[in-house]
Amino acid sequence: MKREWMIDACSGKCIDVTEEQRITVVDLEGGQVVDFFAVSAKDTSEFLSTGVTIDCNESLRLHVGDLVYSNLYRPMFQILSDDVGEHDLLHPCCRKEMYDFFYQNGNGHPNCLDNINRALNERRTIVHPLNLFMHTKINGDGSITVARPLSKPGDTIVLKARMNLRLGVAACSVSESDCNGGKCTPVKIIVED
Ligand SMILES: [Zn+2]
């Protein structure tokens, strides 16, 4: 079975997947970051953890074959293929306070924290998702620079679910910086058996 979801610019969706299903994330127009978060279908206190993923993989980067882990150090996903090879594991979801901090425009600004909480019907106080296609340069002195994504129109990353999961996925709302190349665009998710 194959199911598809369009996620409009600056919005989010809830998608249920079962163990072994393949999830393809498509950057339709290129240069668009996808905030990709998940909770266990059985117990939402088990959730995707970028910190644990960095710990287990001993890397700040994701590679084909790598696992993505939950806060309980259990595999949630495996990376099956990746057209881009640049994703961010460091930044939390954008949120009202982030827009206020950098741009003084948080009121009424769409943001990934609200979009993912709404999609999951939750009220998490912070979410650290996989920021797919986000291009964070890690400099030698430890400083970081957010650059334009390297993703081209139609580029994908494919993940296999390693447990039954509920995904909260958002097309990131930042148009103020190079994060999304200065423009917010829609993305597509395909789930296949
Ligand atoms: Zn965002």
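Residues numbered from 1 in each chain as written. Predicted model: local features only at pLDDT ≥ 70, side-chain atom pairs only at ≥ 80, totals over all residues. Heavy atoms only, no water.

Trainee: How would you explain the UniProt feature "domain: DUF1989" (unreviewed entry) in the chain if you had to name every residue and give the values?
Mentor: Taking the UniProt record as the reference, the feature "domain: DUF1989" (unreviewed entry) is found at residues 7-165. Strand forms 31% of residues 7-165 and helix 16%; the C-alpha atoms that close the span are 18 Å apart. (UniProt positions renumbered as here; feature names shortened; annotations may be inferred. Helix = DSSP H or I, 4+ residues; strand = E, 2+ residues; numbered from the N terminus.)

Trainee: Before we move on, could you go through the sheet that holds strand β1 (residues 2-7) and cite the residues and values that matter?
Mentor: Taken in spatial order, the 6 strands make up an open sheet running β1-β12-β3-β10-β6-β5, and their pairing is antiparallel. Across the chains shown, the open sheet's two edge strands, defined by having one partner strand only, are β1 and β5 (67-69). Mean inter-strand twist for the sheet, computed between neighbouring axes without regard to direction, equals 25°. With 3 bridges connecting them, β5 and strand β6 (residues 75-82) associate as antiparallel partners. Note on β6: the bridge partner recorded for V68 is F77. (Pairing = 2+ DSSP bridges. Axes fitted to C-alpha atoms, helices over the stretch in contact; angles between N-to-C directions.)

Trainee: Go over the pattern of salt bridges with me, naming the residues and quoting the values.
Mentor: Throughout the structure, instances matching the rule amount to 11 salt bridges. In this structure, the salt-bridge partner of K2 is E4, at a minimum N-O distance of 4.0 Å. With a relative accessible area of 52%, K2 lands in the exposed category. Exposure remark for E4: the relative accessible area of 45% places this residue in the partly exposed category. D100 is paired through a salt bridge with K96; the nearest N and O atoms lie 2.7 Å apart. A residue pair is termed a helical-turn pair when its members lie 3 or 4 positions apart in one helix, as D100 and K96 do in helix α2 (residues 96-103) at 4 residues. Classification of K96 by relative accessible area gives partly exposed; the value is 32%. Beyond isolated ion pairs, a larger network of salt bridges with shared partners links K2, E4 and K188. (Salt bridge = Lys/Arg side-chain N within 4 Å of Asp/Glu carboxyl O. Buried < 20%, exposed > 50% of the residue type's maximum accessible area, 1.4 Å probe, protein only.)

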